[in-house]
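Structural characterization, general
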Amino acid sequence: MQAAYPASFVFSAAQPAPVKATGAGELNRRWRIASLEPKSKSTITITVGFLASAVTPGGRTPVELVAQVGFLDADGEFSLQQEVALTTAVIEPGLSLALVVNGKSTDAPVNLGETVNYSVVYKNIGTQVLGDVTVTLTLDSPVLDLASLEDTHLGSVSGGTITWAKDQVAALGRLQPLDEGTIDFTVKLKEAKGLQPDQLTTPITSTLKAAVASINDRPLNATVAAKPLVSTINTTLDLDAQVRYFDDDNLAVGLGPLPPVVGQATTYRVYWRLANSLNEVTDVAVTTTLSPGVTWESKQYVSAGDLAVDEKTREVTWTVSRIPPGKTGDD
């Protein structure tokens, strides 16, 4: 016995196993039955898969599997006795899923202590009726306070996973073509106090999936997944700016009369300090504009980045390309 597979066919397993291939085009497609008694039966079970190219989104794509029974002669040539073609359909559920976090469907940062707004958007973009759809959203992060969850649909919560089925959202019991809906809920993020340092830098990974139990009232058991969203925790970038004549030890770092005297120059030292808390930041720029009557002395020390002065605009700019978490920069 041998099988002729469609081009989109992906062989997985068979019972009994096919014979070892002896030539091109024979891989996983031939079985030898040593003898077959009169009126007896023999069954070959083939487990298959199909390439995504075999599926028309939201529809049914017919594919044909041909089974052939015959004899092998002394030279191994196959002599066909009977052929049967089985046509089936590869069905794409046609369920569209999307996750929106704080109004954005792409990765975006969030702030500790804030309330995060989630929206699960689903739509049947196919031509078939989808039955018993179950939607699950897994929120993987130690900074989420799931006890603060507010969900009008009362989804079932287990660990970090929220589940909605027809018992919570009636529309999921039977989705007609072009039916759509949104599940909205909110959850609060914990405050930084009480969290471990590694928890503060762990992003929130949100994974949205849906299981479809039937299509046009026929069992399907298909799963659809949306692209996970990753929400990083916003860092706290602190800028401290001071104009000093004396340092912390009360030693003079400036020059000239104090208080200033008209007609005489008094020099002060300006300190800028950046501190980054949680996540790496890049392309930081600190700017100021010199007031009238202030002269730039062109004396500077920068521990990180570059300091530049535009003589026309009198603007001073400190640029730092990268500040890792927990680091500081001084000017």
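From a predicted model like this one, the values you see are computed outputs, not experimental measurements. (Residues numbered from 1 in each chain as written. Predicted model: local features only at pLDDT ≥ 70, side-chain atom pairs only at ≥ 80, totals over all residues. Heavy atoms only, no water.)

**Description of the nonpolar core**
Of all hydrophobic cores here, the largest spans 38 residues; its most connected members are Leu95, Tyr118, Val133, Leu137 and Trp164. For this core, the elements supplying multiple residues, two or more each, are strand S6 (95-101), strand S7 (115-124), strand S8 (130-140), strand S9 (144-151), strand S11 (161-164), strand S13 (180-189) and strand S14 (204-215). With near-sequence residues (within four places) excluded, Trp164 lies in contact with Val120, Val133, Thr134, Val135, Leu137, Asp151, His153, Gly155, Val169, Leu172, Ile183 and Phe185. One finds Trp272, Leu274, Leu290 and Ile323 within the second-largest nonpolar core, a separate group that totals 11 residues. (Core = buried A, V, L, I, M, F, W, Y, C linked by side-chain atoms within 4.5 Å. Buried < 20%, exposed > 50% of the residue type's maximum accessible area, 1.4 Å probe, protein only. Helix = DSSP H or I, 4+ residues; strand = E, 2+ residues; numbered from the N terminus. Contact = heavy atoms within 4.5 Å.)

**Focus: the sheet that holds S7**
Pairing between sheet strands relies on hydrogen bonds along the backbone, with the strands arranged either parallel or antiparallel. The strand order across the open sheet formed by 4 strands is S6-S7-S13-S9, and the pairing between neighbours is antiparallel. Looking at strand neighbours, the two that pair on one side only are S6 and S9, the edges of this open sheet. On average, adjacent strands in this sheet sit at an angle of 25° to one another, irrespective of strand direction. By the bridge criterion, 7 bridges tie S6 to S7 in an arrangement that is antiparallel. Bridged to Leu97 within S7 is Tyr122. (Pairing = 2+ DSSP bridges. Axes fitted to C-alpha atoms, helices over the stretch in contact; angles between N-to-C directions.)

**Looking at unusual backbone geometry**
The omega torsion of the bond from Gln15 to Pro16 falls at 0°, within 30 degrees of zero and hence cis. Mapped onto the fold, Pro16 is located in the loop between strand S2 (9-15) and strand S3 (45-50). The linkage connecting Leu258 with the following residue, Pro259, adopts the cis geometry, with an omega of 5°. Structurally, Pro259 can be placed in the loop between strand S17 (237-244) and strand S18 (269-276).

**Structural notes on the environment of Tyr122**
For Tyr122, the position within the fold is in strand S7. Apart from the residues within four sequence positions on either side, Tyr122 is in contact with Leu95, Ser96, Leu97, Val169, Ala171, Leu172, Leu175, Asp179, Glu180, Gly181, Thr182 and Ile183.

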